[in-house]
Amino acid sequence: FCAACPQLGINLPQEWEKIYDLNTVGIHYVVDGNFTAQHMKMKRPQDDIALSDCLAYMMEEKPYQNHVSSAPDNKEKSTCQNHCAVNDANTIKSNLRATGVGATACAHHSCFVLHSVVDFFKGKQHKNINYSICQALLYNSSDL
């Protein structure tokens, strides 16, 4: 996903443990979200054609929906005054399909990890971004 970061079999030799220190070749991620990117529900969702389901940076819709529906809802309330991201999580917005978008990226070069861009539902919920992080950790990092 990031041409500059170490990837086994691409720009990192098989015997990398003998050549490099783990701190040199470790992959570092950053997670961020946009809580204002709203997507309205379609009038006829059966007519919707997914142009990017599981392509490039977008997540695969069915496994993501299964994860979101099986994870418990986060009902926390912020102790900070006017902390909208947390307080909006409990607000019902029935006309919106998504209330934001989040992603995991390379911390050094800002390249998004493949299949890690997710939609937020009902504000800031940990289950949405957890899916993004899990997708990032699964991507091409089994031997690092």
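Described below are features of the structure shown in this document.

## A look at helix α5 (residues 126–138)
Under the 1.5 Å per step criterion, the end-to-end length of α5 is 18 Å for 13 residues, consistent within 8% with the ideal 18 Å. Along α5, the residues classified as buried are Lys127, Asn128, Ile129, Tyr131, Ser132 and Ala136. Looking at the packing, one finds that the buried side of α5 touches β1 (29–34), α3 (61–70), β4 (100–106) and β5 (118–120).

## Let's talk about the nonpolar core
One finds Met59, Tyr64, Val68, Val118, Phe120, Phe121, Ile129 and Tyr131 forming the largest nonpolar core, which totals 8 residues. Among the secondary structure elements, those contributing two or more residues to this core are α3, β5 and α5. Not counting the four nearest positions on each side in its chain, Val68 is found in contact with Phe121, Lys127 and Asn128.

## Observations concerning the sheet that holds β5
The strands that make up a sheet pair up through hydrogen bonds in the backbone, lying either parallel or antiparallel. Across the sheet, which stays open at both edges, the 3 strands sit in the order β1-β4-β5 with antiparallel pairing between neighbours. Two strands close off the open sheet at either side, each with one partner strand: β1 and β5. Across the sheet, the axes of successive neighbouring strands diverge by a mean angle of 25 degrees, strand direction being ignored. Where β1 meets β4, 6 bridges bridge the pair, whose relative direction is antiparallel. The residue of β4 that forms the bridge with Val30 is Ala105.

## Quick notes on the packing of α3 against α5
Running from amino to carboxyl end, α3 crosses α5 at an angle of 140 degrees, the nearest separation of the two axes being 9 Å. As summarised for this structure, α3 and α5 are arranged oblique, according to the angle between their axes. Crossing hand, α3 versus α5: right-handed. The segment α3 lies against α5, with Pro63, Tyr64, His67 and Val68 engaging Lys127, Asn128 and Tyr131.

Rules used throughout
Every chain's residues receive numbers from 1 upward, in the order its sequence appears when written. Given that this is a predicted model, residues contribute local features only at a pLDDT of at least 70 and side-chain atom pairs are listed and counted only at 80 or more, while totals for whole chains, interfaces and linings are drawn from all residues. Side-chain measures here rest on the full set of heavy atoms in the structure, leaving out hydrogens and waters. Put simply, DSSP marks the helices as runs of H or I at least four residues long and the strands as runs of E at least two long, and each gets a number from the N terminus on. Here, expected helix span is obtained from the residue count minus one, scaled by 1.5 Å. Burial classification: accessible surface area is computed with a 1.4 Å probe over protein chains only, and a residue below 20% of its type maximum counts as buried, one above 50% as exposed, and the rest as partly exposed. Every residue pair with non-hydrogen atoms within 4.5 Å of one another is taken to be in contact. By nonpolar core is meant a set of buried Ala, Val, Leu, Ile, Met, Phe, Trp, Tyr and Cys residues that side-chain atoms within 4.5 Å join together. When DSSP finds two or more bridges between two strands, those strands count as paired. Simply put, an axis is a line fit to the C-alpha atoms, just over the touching stretch for a helix, and the angle between two N-to-C directions goes from 0 to 180 degrees. In these notes the angle categories are as follows: under 35 degrees is roughly parallel, over 145 is roughly antiparallel, 65 to 115 is roughly perpendicular, and the rest is oblique. Each crossing gets its hand from how the near helix is turned against the far one by less than a right angle, where anticlockwise is left-handed and clockwise is right-handed.

On their own, these measurements won't tell you what the molecule is for.
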